[in-house]
Amino acid sequence: MKTYAGIDLHSSNSFIGVINQNDETLHSRRHNNNLKEILKVLRKYKKSLQGVVVESTYNWYWLVDGLLEQGYKVHLANPAAIQQYKGLKNRDDKYDAFWLAHLLRLGILPQGYIYPKSLRPIRDLFRRRIMFVKQRTAQILSLQSMIARNKGVEQSASAIARFRDDFINQMFDSPHLVSTARHQMETIRFLDNQIKEIEAEIEGIVEIDNAYQNLLTITGIGRILATTIMLEVGDIHRFKNVGNYSSYCRCVKAQSTSNGKKKGNNNRKNGNRYLAWAYVEAANHNKRNCPRARKFVERKTAEKNYTVAIKALANKLSKASYFIMRDQTTYDPSLLFG
């Protein structure tokens, strides 16, 4: 008889539910997050087990990798796409685990992508670079604000990056403001070094794959953004169409409409925030260096506002890059802007 397992994974424990093809309960118990203990539970069902469903939480790596190494067929459930039964008054971990197994049995489980284990550490390292870039930008903006408040002068980010200690010492009358500025400059320099070290390390171990080389033909996408896209996307063929990809990149509106009227908002955070960042960055660079893109942004800004315009351009670039990666072609702005 066929069996199906669902695991509701938490930070310190997991609830395991196992059912058979008749939807009868075979195992229902909470276990510690210990791979040996979980494998021991599943071992008795291994021959009949059609699959193990693990919910895609922040800490799924160790469990999915451990199950795959032991020969289990693992499915990573996409919690954002799972439709819950609305008639229940009470829901708990037990229900969630059995619901995952039930969806697998019916063949209607929305699944996430199990990113290759060998590339995962590289991708996660490059994600830290993005985090450091944002933190550096926050420090620069904070220092800009302090200078404007106290001196009535605007300093560009490039000018701040060139500040020397003797210049900072003379900038403010108060020693406390000088101390604040010096601490922020030290943080900016430290983050700058961390970013450069990560870039050098990644460049030494990662070559932009042939499928992604043509991304460099897009105005506004250089090696950093192309590498980010390559590491975040993985296999481009996992997206059935361009709409799935642009949605995954958070480049489309998260709303429901009916008869031309807005009926509500969907989960706007559903998707990949690193790709969302990459395409907004690409859009800003593209606008500065491509006359057609600049006209597009100006027209959209007049209709809506600048933020909407940049997101619209980011959406266009995400769709263009999808076809470039899938079809191994080069960028043609005439196809993008008409």
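Scroll up to find the structure.
Treat the numbers as computed from the prediction; the structure is a model and nothing was measured.

## Quick word on the overall build of the protein
Along the backbone of the protein there are 14 helices and 7 strands. Considering only C-alpha atoms, the protein reaches an extent of 75 × 55 × 45 Å along its principal axes. Split into buried and exposed, the 338 residues of the protein put 41% on the buried side. Within the protein, contacts between residues separated by at least 24 positions form 59% of all contacts whose residues are at least 6 apart in sequence. Put simply, the protein shows about 19000 Å² of open surface, and 48% of that area lies on carbon and sulfur atoms.

## Observations regarding unusual backbone geometry
We note that D23 has phi near 70°; this positive angle belongs to a residue other than glycine. By the element assignment, D23 lies in the loop between strand 2 (13-20) and strand 3 (25-32). A relative accessible area of 35% means that D23 is categorised as partly exposed. A positive phi angle, near 55°, is found at Q328, a position not held by glycine. On the secondary structure map, Q328 appears in the loop between helix 13 (306-327) and helix 14 (333-337). Look at Q328 and you get partly exposed, because its relative accessible area is 42%.

## Thoughts on the nonpolar core
Counting residues in hydrophobic clusters, the biggest one holds 51 residues, and the most contacted among them are L215, I229, Y245, Y279 and L317. Those elements that provide at least two residues to this core are helix 4 (120-151), helix 7 (175-205), helix 8 (210-213), helix 9 (223-233), helix 10 (242-248), helix 11 (273-289), helix 12 (291-303) and helix 13. Top contributing element to this core by residue count: helix 13, with 9 residues. Ignoring any residue separated from it by four or fewer positions in sequence, one finds Y279 in contact with I229, Y245, C249, C251, A314, L317, S318, S321 and M325.

## Describing the pairing of strand 3
Two elements, strand 2 and strand 3, share 7 bridges in a ladder whose sense is antiparallel. Paired with G17 across the bridge in strand 3 is S28. Taking the residues between adjacent antiparallel strands as the criterion, strand 2 and strand 3 are bridged by 4 residues, where D23 takes a positive phi near 70°.

## Observations concerning helix 3 (residues 93-106)
Its 14 residues give helix 3 an end-to-end C-alpha distance of 20 Å, which sits within 8% of 20 Å, the value for a rise of 1.5 Å per residue. For helix 3, every residue scored as buried is listed here: D93, Y95, D96, A97, F98, W99, L100, A101, H102, L103 and L104. Buried residues belonging to helix 3 abut strand 1 (3-9), strand 2, strand 3, strand 4 (49-55) and strand 5 (74-77). At the exit of helix 3 stands G107, carrying a positive phi of roughly 75°.

## Thoughts on the sheet that holds strand 2
Read across the open sheet, the 5 strands follow the order 3-2-1-4-5; overall the sheet is mixed. Only two strands of the sheet have a single partner each, and these edge strands are strand 3 and strand 5. Between one strand axis and the next, the sheet turns by 20° as a mean value, whatever way the strands run. Relative to strand 4, strand 1 runs parallel, the two being bridged by 4 bridges. Within strand 4, the position partnered with A5 by the bridge is V52. Packed on one face of the sheet, helix 1 (residues 35-43) meets strand 1, strand 2, strand 3 and strand 4 and runs near 170° to strand 3.

## Brief notes about the side chain of N286
Structurally, N286 is set in helix 11. One polar contact links the side chain of N286 to the main-chain carbonyl oxygen of T219, over a distance of 2.5 Å. When residues no more than four places from it in sequence are discounted, the contact partners of N286 are I218, T219, G220, A293, L313, L317, Y331 and F337.

## Considerations on helix 2 (residues 61-69)
Residues of helix 2 that are buried include every one of L63, V64, D65, G66 and L67, and no others. Tucked into the core, helix 2 has its buried residues touching strand 1, helix 1, strand 4, strand 5 and helix 4. After helix 2 finishes, the residue G71 shows a positive phi value of roughly 90°.

## Topic: the packing of aromatic side chains
Scanning all chains against the criterion turns up 10 aromatic pairs. Between the aromatic rings of F239 and Y248, the centroid separation amounts to 5.1 Å while the plane-to-plane angle is 45°, which identifies the pairing as tilted. Between Y245 and Y279, the aromatic rings sit 6.3 Å apart at their centres with planes inclined by 90°, giving edge-to-face as the arrangement. Taken together, the positions of Y245 in helix 10 and Y279 in helix 11 put the pair 34 residues apart, joining distant regions of the chain. Just as Y245 is buried, Y279 falls in that class too. Taken together, F239, Y245, Y248, Y279, Y322 and F323 form an aromatic cluster joined through their ring pairs. The positively charged end of R123 is found above the aromatic ring belonging to Y115, 4.3 Å away from the centroid.

What counts and how
- Residues numbered from 1 in each chain as written.
- Predicted model: local features only at pLDDT ≥ 70, side-chain atom pairs only at ≥ 80, totals over all residues.
- Heavy atoms only, no water.
- Helix = DSSP H or I, 4+ residues; strand = E, 2+ residues; numbered from the N terminus.
- Buried < 20%, exposed > 50% of the residue type's maximum accessible area, 1.4 Å probe, protein only.
- Contact = heavy atoms within 4.5 Å.
- Areas by Shrake-Rupley, 256 points an atom, 1.4 Å probe, with all protein chains shown as cover.
- Core = buried A, V, L, I, M, F, W, Y, C linked by side-chain atoms within 4.5 Å.
- Pairing = 2+ DSSP bridges.
- Expected span 1.5 Å × (residues − 1).
- Axes fitted to C-alpha atoms, helices over the stretch in contact; angles between N-to-C directions.
- Polar contact = N/O pair within 3.5 Å; in protein donor to acceptor, adjacent residues only side chain to side chain.
- Phe/Tyr/Trp six-rings, centres within 6.5 Å; stacked < 30°, edge-to-face > 60°.
- Lys NZ or Arg CZ within 6 Å of the ring centre and 35° of its normal.

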